[in-house]
Amino acid sequence: MHDAGRIVAEVVTRGRTHVESPYPPALYIPFEDIDFDQLRKTESSTHCPYKGDASYWSVLPAAEAGKDAMWAYEQPFDEMIEIRDHGAFYPNKVTVEAKPA
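In this report, the structure presented in the accompanying data block is examined.

Conventions we followed
Along each chain, numbering runs from 1 in the same order as the chain's sequence is written. Residue-level local features of this predicted model are given only where pLDDT is at least 70; pairs of side-chain atoms are given and counted only at 80 or more, and the full residue set underlies all totals for whole chains, interfaces and linings. Processing note: side-chain calculations cover all non-hydrogen atoms of the structure and skip hydrogens and water entirely. Under the DSSP-based scheme used, a helix requires at least four consecutive residues in state H or I and a strand at least two consecutive residues in state E, with every element numbered from the N terminus. We call two residues in contact when some of their heavy atoms are within 4.5 Å. Under the convention used here, a 1.4 Å probe and the Shrake-Rupley method define accessible areas, while residue burial counts only the protein chains that appear. For two strands to count as paired, DSSP must find a minimum of two bridges between them. Note on method: axes are straight lines fitted to C-alpha atoms, helices fitted across the in-contact stretch only, with angles between N-to-C directions ranging 0 to 180 degrees. Residue types Ala, Val, Leu, Ile, Met, Phe, Trp, Tyr and Cys, when buried and joined through side-chain atoms within 4.5 Å, form a set referred to as a nonpolar core. Per-residue accessibility, obtained with a 1.4 Å probe over protein chains only, is compared with the maximum for each type, and a residue is labelled buried under 20%, exposed over 50%, and partly exposed between these values.

1. Some remarks on the overall build of the chain
Helix and strand counts for the chain come out as zero helices and eight strands. Counted from the first residue to the last, the chain has its helices and strands arranged as β-β-β-β-β-β-β-β. The contacts in the chain between residues at least 6 apart in sequence include a share of 45% that link residues at least 24 apart. Put simply, the chain shows about 6400 Å² of open surface, and 52% of that area lies on carbon and sulfur atoms.

2. A closer look at the sheet that holds strand 5 (residues 39-48)
Strand pairing in a sheet relies on backbone hydrogen bonds. The paired strands run either parallel or antiparallel. The sheet built from six strands is open, its strands ordered 3-4-8-7-6-5 with antiparallel pairing. Two strands lie at the open edges of the sheet, namely strand 3 (16-18) and strand 5, each paired on one side alone. Pairwise comparison of adjacent strand axes, ignoring direction, gives a mean angle of 35° for this sheet. Direction of pairing for strand 3 relative to strand 4 (residues 26-30): antiparallel, over a ladder of three bridges. Bridge pairing in strand 4 places His-18 opposite Ala-26.

3. What about the nonpolar core?
By size, the foremost hydrophobic cluster in this structure holds 14 residues, and its most contacted members are Ile-34, Leu-39, Val-59, Met-70 and Phe-89. When contributions to this core are tallied by element, the ones reaching two or more residues are strand 6 (52-59) and strand 7 (70-72). Among residues more than four places away in sequence, those in contact with Met-70 are Phe-31, Ile-34, Phe-36, Leu-39, Ser-55, Tyr-56, Trp-57, Gly-87, Ala-88 and Phe-89. One finds Cys-48, Ala-54, Tyr-73 and Ile-83 within the second-largest nonpolar core, a separate group that totals ten residues.

Written out as structure tokens, the structure reads:
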């Protein structure tokens, strides 16, 4: 995933796709594959009755367009522990590209 020509996250094989109807599938990327130097945690938060409380980060190179572009459940409910230490990006706020194999 990148914005303004900068790679913010790169998924090789360890991403987790989570499907929750009626939302489109979300790709959760391990924190170690995300360049947090290009992100800034915001004060935004939301609550999901299935996953817990989400925190948000803005993509700095994208300026206002990148506000709250990434979310993560830092302390998800036990049933969703597999997304702990993973972040997901809104596809309308960053560019997602598949790398050729």
